[in-house]
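In case you want the letters, here they are:
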Amino acid sequence: MANSTPQGGGSAFSGQSRNRSIRPLRATVASIGSWLVVRDCLHSNRASEKEKYPSAGMDTANQLASAETFQVLKLPLGFIRVLEWLFAIFAFATCGGYSGQLRVSVDCMERASSNLSIGIDFAYPFRLHQVSFEAPMCEGTRRELVFLIGDYSSSAEFFVTIAVFAFLYSLMATVVYVFFKNKYHENNRGPLIDFVVTVVFSFMWLVSSSAWAKALSDVKVATDPDEVQLLISACKVLTNRCGSVHGSHWSGLNTSVAFGFLNFVLWAGNIWFVFKETGWHKGARLAGGASEKQAGTFNQQPYNQGSFDQSGSHDIQGNLSQPSEYSQVGGPTSYSNQM
């Protein structure tokens, strides 16, 4: 009996220790279970939202990068707009970023007064009457300030302005074609505005390119070293010798004129493709289809009338043939009545 009591106490103590060790495990399992339940609820809610709003789960970047979004750039309308945007950059960059230099020499009788390399710098917008340089007068150390002749800034600035606005409009139109195609065709306002602006820019490119080509030829004459020598007083004296060291390079400005007329060709050629998007072209096409249908019905009427005439003639012949039979039958009856 003395040994039974310690054994019972030991079992109770071991049971309590087990319960204490199991309680943290039960709490952990319960927390894990509750977390799993919450996760399942969240997943089910997300799945239900995707079923209700399938477009909400689509990524915006995927929409922008989709092939269908940029499909319009493969069409003539969008492709030519991209070319217009690109060549407008070339046009105003080659003209607006130009700077040139020419050099002349003045060899006086007095070698000390000579200047064999006089540099003359000029640039866009070609206000040559504001370009000056110093030249020796071949009279000791005296020098004179010489100005070039001509102001061609209006034609050059007009050309660059048209190029800049064409660049901005081409960029805006390309963005509208790609991302706002439905808005563009809404109420037919977008194509009509696009058509009018394209016609205006075509005309402006022709005018500005022609004006700039004429101004460029005048700039070449005004900056010719042989013409510049005539402005120097010392070169008018026969005892002094003047010459040209080198002239300016015109490849950049010649390229700008070429890009100007190329832009005119692009904008004029794009008029037709923009016109096809307007309601005018679609209305004319529908009217043409209706007239073709009417012409087809008119062409079918003679055939129907002919068939009607044939059927009518057939009936008439049938009606005419029937009385003949009745006359044959009625003949003997009338003869027998006479008898």
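Predicted model only: the values in this text are computed from it and were never measured. (Residues numbered from 1 in each chain as written. Predicted model: local features only at pLDDT ≥ 70, side-chain atom pairs only at ≥ 80, totals over all residues. Heavy atoms only, no water.)

## Concerning the overall build of the protein
Condition: Numbering goes from the N terminus for both helices and strands, where a helix is a DSSP run of H or I of at least four residues and a strand is a run of E of at least two. Each residue gets one of three labels from its accessible area relative to the maximum for its type: buried under 20%, exposed over 50%, partly exposed in between, using a 1.4 Å probe on protein chains only. In what follows, residue pairs with any heavy atoms lying within 4.5 Å of each other are defined as contacts.
Looking only at helices and strands, the protein has nine helices and five strands in total. Counted from the first residue to the last, the protein has its helices and strands arranged as α-α-α-β-β-β-β-α-α-α-α-β-α-α. Across the 339 residues in the protein, those meeting the buried criterion constitute 27%. Of the contacts formed within the protein by residues at least 6 apart in sequence, a portion of 72% connects residues at least 24 apart.

## Some points on the nonpolar core
Burial of nonpolar side chains together is a common tendency in soluble globular proteins. Threshold: We call a set of buried residues a nonpolar core when its members are Ala, Val, Leu, Ile, Met, Phe, Trp, Tyr or Cys and they connect through side-chain atoms within 4.5 Å of each other.
Counting residues in hydrophobic clusters, the biggest one holds 53 residues, and the most contacted among them are Phe-122, Phe-126, Phe-133, Trp-205 and Trp-212. Among the elements of the structure, α3 (76–96), β1 (99–107), β2 (115–123), β3 (132–136), α4 (153–179), α6 (189–222) and α8 (251–275) are those that each provide at least two residues to this core. Sort the elements by how many residues they give to this core and α4 lands first, with 11 residues.

## Observations regarding the packing of α6 against α8
Defined as follows: Lines fitted to the C-alpha atoms define the axes, with helices restricted to the stretch that makes contact. Angles between their N-to-C directions range from 0 to 180 degrees. Throughout this description, any angle smaller than 35 degrees is read as roughly parallel, any larger than 145 degrees as roughly antiparallel, any in the 65 to 115 degree range as roughly perpendicular, and the remainder as oblique. Crossing chirality is assigned from the near helix's rotation relative to the far helix, an anticlockwise turn below a right angle marking it left-handed and a clockwise turn marking it right-handed. Three classes are used: nonpolar for Ala, Val, Leu, Ile, Met, Phe, Trp, Tyr, Cys and Pro, charged for Asp, Glu, Lys and Arg, and polar for all others, with Gly counted as polar.
Between α6 and α8, whose axes approach to 8 Å, the crossing angle comes to 160°. Put simply, α6 runs roughly antiparallel to α8. Helix-helix and strand crossings are classified by hand; for α6 and α8 the assignment is left-handed. Looking at the contact of α6 with α8 residue by residue, the classes come out as 18 nonpolar, nine polar and two charged.

## Re the packing of aromatic side chains
Condition: Each Phe, Tyr or Trp ring (for Trp, its six-membered ring) is paired with any other whose centre lies within 6.5 Å, and the angle between the two planes then decides the class: stacked below 30 degrees, edge-to-face above 60, tilted in between.
One pass over the full model with this rule turns up 19 aromatic pairs. Here Tyr-98 and Phe-122 contribute two aromatic rings whose centre-to-centre distance is 6.3 Å and whose plane-to-plane angle is 50°, an arrangement assigned as tilted. Here Phe-122 lies in strand β2 and Tyr-98 lies in the loop between α3 and β1, a separation of 24 residues in the sequence. Take Tyr-98 and Phe-122: they sit in the same class, and that class is buried. By the ring-pair criterion, three or more aromatic residues cluster together here, those being Tyr-98, Phe-122, Tyr-124, Phe-126, Phe-159, Trp-205, Trp-212 and Trp-250.

## Comments concerning the state of the cysteines
Definition in use: Disulfides are defined as pairs of cysteine sulfur atoms found within 2.5 Å of each other.
Here the structure, examined in full by the defined rule, presents two disulfides. Shown here is the disulfide that connects Cys-108 with Cys-138, its sulfur atoms set 1.7 Å apart. Looking down the S-S bond of the Cys-108 and Cys-138 bridge, the torsion is -65°, so its handedness is left-handed. Within this pair, whereas Cys-108 is found in the loop between β1 and β2, its partner Cys-138 is found in the loop between β3 and β4 (143–147), the two being separated by 30 residues in sequence. For the pair shown, Cys-108 and Cys-138 are each scored as buried.

## Here's the deal with the side chain of Asp-107
Rule in force here: The definition of a polar contact used here is a pair of N or O atoms within 3.5 Å, where within protein one atom must be able to donate a hydrogen and the other to accept one, and adjacent residues in sequence count solely through side-chain atom pairs.
In this fold, Asp-107 is placed in strand β1. A polar atom in the side chain of Asp-107 sits 2.7 Å from the side chain of Arg-111. Among residues more than four places away in sequence, those in contact with Asp-107 are Ser-114, Leu-116, Asn-240 and Arg-241.

## Observations concerning the pattern of salt bridges
As a reminder of what qualifies: A side-chain nitrogen of Lys or Arg and a carboxyl oxygen of Asp or Glu constitute a salt bridge if their distance falls within 4 Å.
Scanning the model with the defined rule gives seven salt bridges in all. When the shortest N-O distance is used, the salt bridge between Arg-111 and Asp-107 registers 2.7 Å. Owing to a relative accessible area of 59%, Arg-111 belongs among the exposed residues under this scheme. Two residues, Arg-142 and Glu-139, come together in a salt bridge whose shortest N-O distance is 2.9 Å.

## What to know about α8
Short version of the rule: In this scheme, a helix's expected span is set at 1.5 Å multiplied by one less than its residue total.
The end-to-end C-alpha separation of α8 is 37 Å, in line with the 36 Å expected for 25 residues at 1.5 Å each. Among all positions in α8, only Leu-253, Ser-256, Val-257, Phe-259, Gly-260, Asn-263, Leu-266, Trp-267, Asn-270 and Val-274 are buried. Contact partners of the buried residues in α8: α3, α4, α5 (181–185) and α6.

## Concerning the environment of Phe-273
With respect to the helices and strands, Phe-273 occurs in helix α8. Classification of Phe-273 as partly exposed rests on a relative accessible area of 26%. With 193 residues separating them along the chain, Phe-273 and Ile-80 place their C-alpha atoms 9.4 Å apart. If near-sequence neighbours (up to four positions away) are discounted, Phe-273 is found in contact with Pro-76, Leu-77 and Ile-80.

## Points about the environment of Phe-90
You can see Phe-90 is positioned in helix α3. Judged by relative accessible area, Phe-90 falls into the partly exposed class, the value being 33%. Once the C-alpha coordinates of Phe-90 and Gly-260 are considered, the two residues, 170 residues apart in sequence, prove to be 9.0 Å apart.

## Remarks on the side chain of Glu-84
One can find Glu-84 in helix α3. If sequence neighbours within four positions are ignored, Glu-84 has contacts with Ser-170, Asn-263, Leu-266, Trp-267 and Asn-270.

## Describing the confidence of the model for the protein
Short version of the rule: Confidence of the predictor in every single residue is expressed as pLDDT, which spans 0 to 100.
Mean pLDDT over the protein stands at 77; residues scoring 70 or higher make up 62%. Every residue in residues 1–14 is under pLDDT 50, and counting partners more than four places away or in other chains gives zero contacts. Predicted confidence for residues 53–58 stays below pLDDT 50, and this span has one contact to residues more than four positions away or in other chains.

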